Amino acid sequence: MITKELMPDKTEEILQRIARHLMLHSSFVNDCGLFYGKMGAVIFFFHYARHTGQVVYEDFAGELIEEIYEEINVGLPDTFAKGLCGIAWGFEYLIQQGFVEGDSNEVLEDLDNRILERDVRRIKNFDLDTGLKGLIHYVLMRCSNKNSIPVLLDRSYVTEMISGLKSLGTKDTEISDFCSLLNSILEKRSFDYNSENLLYEIIGNVEYNGKNGKIDPLKTEESDPLKLSYQNSKKLSPGLGSKRKKIQPG
């Protein structure tokens, strides 16, 4: 892991370049999604605002949220990387991290309804981007909010999700872990969902390439400073909490 002590200047320089690029171009991106679109930029800017203590980045994140509300439509796929599932995960993440205020059940009601229409028993791939893995992360994220238990997620849906995992016929540690977490939901036991690990994976999909001045979807060696910044931002004083954005049901 690259540490700030080893590269004190490069870390902040990379982050500043990413911030400048995203502020110039994010509003023109047609993708509202989590990996390559506006929701991913929203999460970046809220963390960067906390990291720097500059409210301008939080304000810009709020503007992007408004754009997502305006542009979201029934034609979007229900996938995790570029669709409704990832957008819903992003909103829940923002609420749980204290970046925005809102009742998850109210804010995400329409998205929940649309996403839960998908028959998990028919999903035959385990990909994070478009498959069952992304949908599971959405369910776990929603159910990890102890202050707003998702009213639309019933036992039958979670049971079918576990059956869908088992039907993949793969003996994989990650699949076993997911089954255990989903069983915790069925048994109404508390469980730990680590959104930080998933965020690292998401960050790795959108990197800034200083050589060509573009956001490069390929993972590069500069991913570690981004992860480092995320870790450091969590250690800083929230600072901006008194000005948290309020998000309303769409």
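Residues numbered from 1 in each chain as written. Predicted model: local features only at pLDDT ≥ 70, side-chain atom pairs only at ≥ 80, totals over all residues. Heavy atoms only, no water.

A. Broad picture of the overall build of the protein chain. Looking only at helices and strands, the protein chain features 11 helices and 4 strands. Residues counted as buried form 52% of the 250 residues belonging to the protein chain. Partitioning the intrachain contacts of the protein chain with sequence separation of at least 6 by distance along the chain shows that 67% fall at a separation of at least 24. (Helix = DSSP H or I, 4+ residues; strand = E, 2+ residues; numbered from the N terminus. Buried < 20%, exposed > 50% of the residue type's maximum accessible area, 1.4 Å probe, protein only. Contact = heavy atoms within 4.5 Å.)

B. Representation of the layout of surface pockets. Approximately 360 Å³ is the volume attributed to the second largest pocket. Lining the second largest pocket are 16 residues, with Cys143, Ile149, Ile185, Leu186 and Lys188 positioned closest to its centre. The set of elements that each furnish at least two residues to the lining of the second largest pocket consists of α8 (155–167) and α9 (173–186). Among the elements that take part in the lining of the second largest pocket, α9 stands out by supplying 3 residues, more than any other. A per-class count over the lining of the second largest pocket returns 8 nonpolar, 3 polar and 5 charged. (1 Å grid on protein atoms, 1.4 Å probe; cavity = no way out; pocket = protein on both sides within 12 Å on 5 of 7 lines; lining within 4 Å. Points joined across faces, edges and corners; volume = space filled by probe spheres on them. Nonpolar A, V, L, I, M, F, W, Y, C, P; charged D, E, K, R; others polar.)

C. Focus on the side chain of Ser184. Of note, Ser184 is situated in helix α9. Ignoring sequence-local partners within four residues, the contact set of Ser184 consists of Arg189 and Phe191.

D. Examining unusual backbone geometry more closely. Even without a glycine there, the phi angle at Lys188 is positive, about 55 degrees. Relative to the helices and strands, Lys188 resides in the loop between α9 and α10 (195–203). Judged by relative accessible area, Lys188 falls into the exposed class, the value being 76%.

E. Structural detail: the confidence of the model for the protein chain. Summing up the model confidence of the protein chain, the mean pLDDT is 79 and the portion of residues at 70 or higher is 77%. Mean pLDDT values over the elements of the protein chain span from 40, in helix α11 (residues 223–235), up to 95, in helix α3 (residues 55–71). Every residue in residues 1–7 scores below 50 in pLDDT, and together they form 12 contacts with partners more than four places removed in sequence or on other chains. Every residue in residues 207–244 scores below 50 in pLDDT, and together they form 83 contacts with partners more than four places removed in sequence or on other chains. (pLDDT = per-residue confidence, 0-100.)

F. Layout of the nonpolar core. Core analysis: the biggest nonpolar cluster contains 72 residues, and Phe45, Leu94, Leu135 and Leu165 have the highest contact counts within it. Excluding residues that lie within four positions of it along the chain, Leu94 makes contacts with Met39, Val42, Ile43, Phe46, Ile65, Phe99 and Val100. (Core = buried A, V, L, I, M, F, W, Y, C linked by side-chain atoms within 4.5 Å.)

G. Broad picture of the packing of helix α2 (residues 38–52) against helix α4 (residues 84–96). Close contact between α2 and α4 brings their axes to 9 Å; oriented N to C, the two are set at 15 degrees. By the criterion of interaxial angle, the relationship of α2 to α4 is roughly parallel. Classified by chirality, the crossing of α4 by α2 is left-handed. Contacts between α2 and α4 pair Met39, Val42, Ile43, Phe46 and His47 from the former with Gly86, Ile87, Trp89, Gly90, Phe91, Tyr93 and Leu94 from the latter. Taken together, the residues of the contact of α2 with α4 sort by class into 9 nonpolar, 3 polar and no charged. (Axes fitted to C-alpha atoms, helices over the stretch in contact; angles between N-to-C directions. Parallel < 35°, antiparallel > 145°, perpendicular 65-115°, else oblique. Left-handed = near helix turned anticlockwise from the far one by under 90°.)

H. Here's a closer look at a negative patch on the surface. Negative charge collects at one region of the surface, where Asp103, Glu106, Glu109 and Asp110 lie side by side. Within the fold, Asp103 resides in the loop between β1 (100–101) and α5 (104–107). Its relative accessible area of 33% is what places Asp103 among the partly exposed residues. (Patch = residues over 30% accessible without salt bridge, like charges linked within 9 Å, V, L, I, M, F, W, Y side chains within 5 Å. Areas by Shrake-Rupley, 256 points an atom, 1.4 Å probe, with all protein chains shown as cover. Salt bridge = Lys/Arg side-chain N within 4 Å of Asp/Glu carboxyl O. Lys, Arg positive; Asp, Glu negative; His and termini not counted. Charge placed at Lys NZ, Arg CZ, Asp CG, Glu CD.)

I. Region of the structure containing the packing of aromatic side chains. Inspection of every chain in the model, using the stated rule, returns 12 aromatic pairs. Relative to Phe45, the ring of Phe44 lies with its centre 5.3 Å away and its plane at 75 degrees, an arrangement referred to as edge-to-face. For the pair formed by Phe44 and Phe45, the shared burial category is buried. Here the aromatic residues Phe35, Tyr36, Phe80, Trp89 and Tyr93 are joined through ring pairs into a cluster of three or more. (Phe/Tyr/Trp six-rings, centres within 6.5 Å; stacked < 30°, edge-to-face > 60°.)

J. Representation of the environment of Ala41 in the model. Topologically, Ala41 is positioned in helix α2. The exposure class of Ala41 is buried, given its relative accessible area of 5%. For Ala41, the residues in contact, after removing those within four places along its chain, are Leu22, Ser26 and Leu64.

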